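This is what each chain is made of:
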Amino acid sequence: QAQLVESGGGLVQPGGSLRLSCAASGFTLSGLVMSWHRQAPGKERELVAGIGTTGGSTTYANSVKGRFTISRGNAKNTIYLQMDSLNPEDTAVYYCRANWYRAVWGQGTQVTVSS
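Now for a quick tour of the structure. Quick caveat, the model's predicted, so the values are computed rather than measured.

Once that is clear, we can look at the sheet that holds strand β7 (residues 68-72). One open sheet accounts for four strands, arranged β1-β3-β8-β7; its pairing is antiparallel. This sheet does not close on itself; its edge strands, each paired only once, are β1 (3-7) and β7. Each strand of the sheet is rotated relative to its neighbour by a mean of 15°, with strand direction disregarded. In the sheet, β7 pairs with strand β8 (residues 78-83) via five bridges, with the strands oriented antiparallel. Considered in β8, the bridge of Phe68 is made with Met83.

Turning next to the pattern of salt bridges. Per the stated rule, a full pass over the model turns up three salt bridges. Across the salt bridge formed by Arg38 and Glu46, the nearest N and O atoms sit 2.7 Å from each other. Note on Arg38: relative accessible area 6%, which makes it buried. Of the charged contacts, one joins Asp90 and Arg67 as a salt bridge, the two residues approaching to 2.8 Å between their closest N and O atoms. With Asp90 in the loop between β8 and β9 (92-99) and Arg67 in the loop between β6 (58-60) and β7, the pair connects residues that are 23 residues apart, well separated along the chain. Given the relative accessible area of 16%, Arg67 is considered buried. Linked through salt bridges whose partners overlap, the residues forming this network are Arg38, Glu46, Arg67 and Asp90.

As a further point, take unusual backbone geometry. Although it is not a glycine, Ser85 adopts a positive phi angle of roughly 50°. Here Ser85 shows up in the loop between β8 and β9.

What follows covers the nonpolar core. Ranked by size, the top nonpolar core spans 32 residues in total, and within it Leu4, Phe27, Leu29, Trp36, Leu81, Met83 and Tyr94 carry the most contacts. Contributing elements (two or more residues each) for this core: β3 (18-25), β4 (34-39), β5 (46-51), β7, β8, β9 and β11 (109-113).

What counts, and at which threshold
- By convention here, each chain's residues receive numbers from 1 onward along its written sequence.
- Local features in this predicted model are restricted to residues whose pLDDT is 70 or higher, and side-chain atom pairs enter the listing and the counts only when it is 80 or higher, whereas totals over whole chains, interfaces and linings include all residues.
- Side-chain measures were taken over the full set of non-hydrogen atoms in the model, leaving aside hydrogen atoms and water.
- Pairing between strands is defined by DSSP: at least two bridges between the two strands are required.
- Secondary structure elements are taken from DSSP: a helix is a run of H or I of four residues or more, a strand is a run of E of two residues or more, and numbering for both begins at the N terminus.
- The axes used here are C-alpha line fits, helices contributing only the stretch in contact, and every angle between their N-to-C directions lies in the interval 0 to 180 degrees.
- Salt bridge, as applied in this entry: a Lys or Arg side-chain nitrogen positioned within 4 Å of an Asp or Glu carboxyl oxygen.
- Exposure categories follow from relative accessible area, calculated using a 1.4 Å probe and restricted to protein chains: below 20% of the type maximum is buried, above 50% is exposed, and the middle band is partly exposed.
- Definition used in this section: a nonpolar core is a set of buried Ala, Val, Leu, Ile, Met, Phe, Trp, Tyr and Cys residues joined via side-chain atoms within 4.5 Å.

In structure tokens, the structure reads:
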């Protein structure tokens, strides 16, 4: 069964950092476009960052550009989202998505930025 599992969320103070992981099982992420999305309470889910099939191409939402970095793991069945200089507006549930023959979503991990 194809599955994505996110981890690494939590509570962090403004200015802090978190690293999210997204691990796949039941299929390989190699050759797939991957992305991170987030959904804050009362808001629509939005694209945060995407990475191409080889990892050489990345894209970011303007709101996170320069602060977040998406990458592929060496094991090639994991992707990461390094989040630096976090602020309260980054508070949301973060999801990873695989562009497989169908979209596969993880269950999400909560990120809360608060003092």
